[in-house]
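Residue-level listing of the chains:
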Amino acid sequence: MQHAHGTFTVKVAPLTPPPVEGISRYSIDKEIHGDLEGTSTGEMLGAGDPKAGAAGYVAIERVTGTLAGKHGTFALQHSSTMDQNGPKMSILVAPGSGTGELKGIAGTFTIRIENGQHFYDLDYTLPE
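Please read these numbers as outputs of a predicted model, since none were measured by experiment.

Here is what the cut-offs are and how they apply
- Residues numbered from 1 in each chain as written.
- Predicted model: local features only at pLDDT ≥ 70, side-chain atom pairs only at ≥ 80, totals over all residues.
- Heavy atoms only, no water.
- Pairing = 2+ DSSP bridges.
- Helix = DSSP H or I, 4+ residues; strand = E, 2+ residues; numbered from the N terminus.
- Phe/Tyr/Trp six-rings, centres within 6.5 Å; stacked < 30°, edge-to-face > 60°.
- Buried < 20%, exposed > 50% of the residue type's maximum accessible area, 1.4 Å probe, protein only.
- Lys NZ or Arg CZ within 6 Å of the ring centre and 35° of its normal.

## So, the pairing of strand β2 (residues 23–34)
And step 1. Two elements, strand β1 (residues 2–14) and β2, share nine bridges in a ladder whose sense is antiparallel. Paired with K11 across the two strands is D29, which belongs to β2.
And step 2. Two elements, β2 and strand β3 (residues 36–49), share ten bridges in a ladder whose sense is antiparallel. Within β3, the residue paired with Y26 across the bridge is M44.

Here's what the structure looks like:
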């Protein structure tokens, strides 16, 4: 298992029309810096009341960049909730999504937010 970490900025914007009443839809655009250098674009679907601290979302985003000197793309698959017990976030590298020199990548992506700054940790494997 290899480890990468760094920071990212994210722009999330509502997309219309929403798929159905009670479900929101957003675009995701990230600039990623650190051990992984690149960008990502994707979409997120959400439901619930985030302002009240009870909501969930799913998302998929395609990352294009360089990791450990290797260039390619891969997808991140999100599934997250928040409730009175706090947030639960699962972000996986989508199996089979790696291209270029990142073909065969597998792993998990963890997001941490401190004082409004976004940080990531990527634990991953690549075929030899």
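## With respect to unusual backbone geometry
And step 1. In this structure, the amide linkage connecting T16 to the following residue, P17, adopts the cis form with an omega of -5°.
And step 2. One non-glycine residue, A68, lies in the positive phi region at around 55°.
And step 3. Position of A68 relative to the elements: it lies in the loop between β4 (54–67) and β5 (70–83).
And step 4. Of note in the backbone geometry, N115 takes a positive phi value of approximately 50° without being a glycine.
And step 5. If you trace the backbone, N115 turns up in the loop between β7 (106–114) and β8 (117–125).

## Digging into the packing of aromatic side chains
The description of an aromatic ring pair uses the distance of the two centres, along with the angle that the planes make with each other.
And step 1. Tallied over the full model, the rule gives two aromatic pairs.
And step 2. Ring geometry for F8 and F109: centres 6.5 Å apart, planes at 50°, overall tilted. Residue F8 is located in strand β1, and its partner F109 is located in strand β7; the two are separated by 101 residues in the primary sequence. The pair formed by F8 and F109 is uniform in burial state, with each residue classed as buried.
And step 3. Here F109 and Y120 contribute two aromatic rings whose centre-to-centre distance is 5.4 Å and whose plane-to-plane angle is 5°, an arrangement assigned as stacked. In this pair, F109 is assigned in strand β7 and Y120 in strand β8, connecting sequence segments eleven residues apart.
And step 4. The structure contains a cluster of three or more aromatic residues connected by ring pairs, namely F8, F109 and Y120.
And step 5. Across from the ring centre of F8, 4.7 Å away, lies the NZ or CZ of K30, which sits over that ring.

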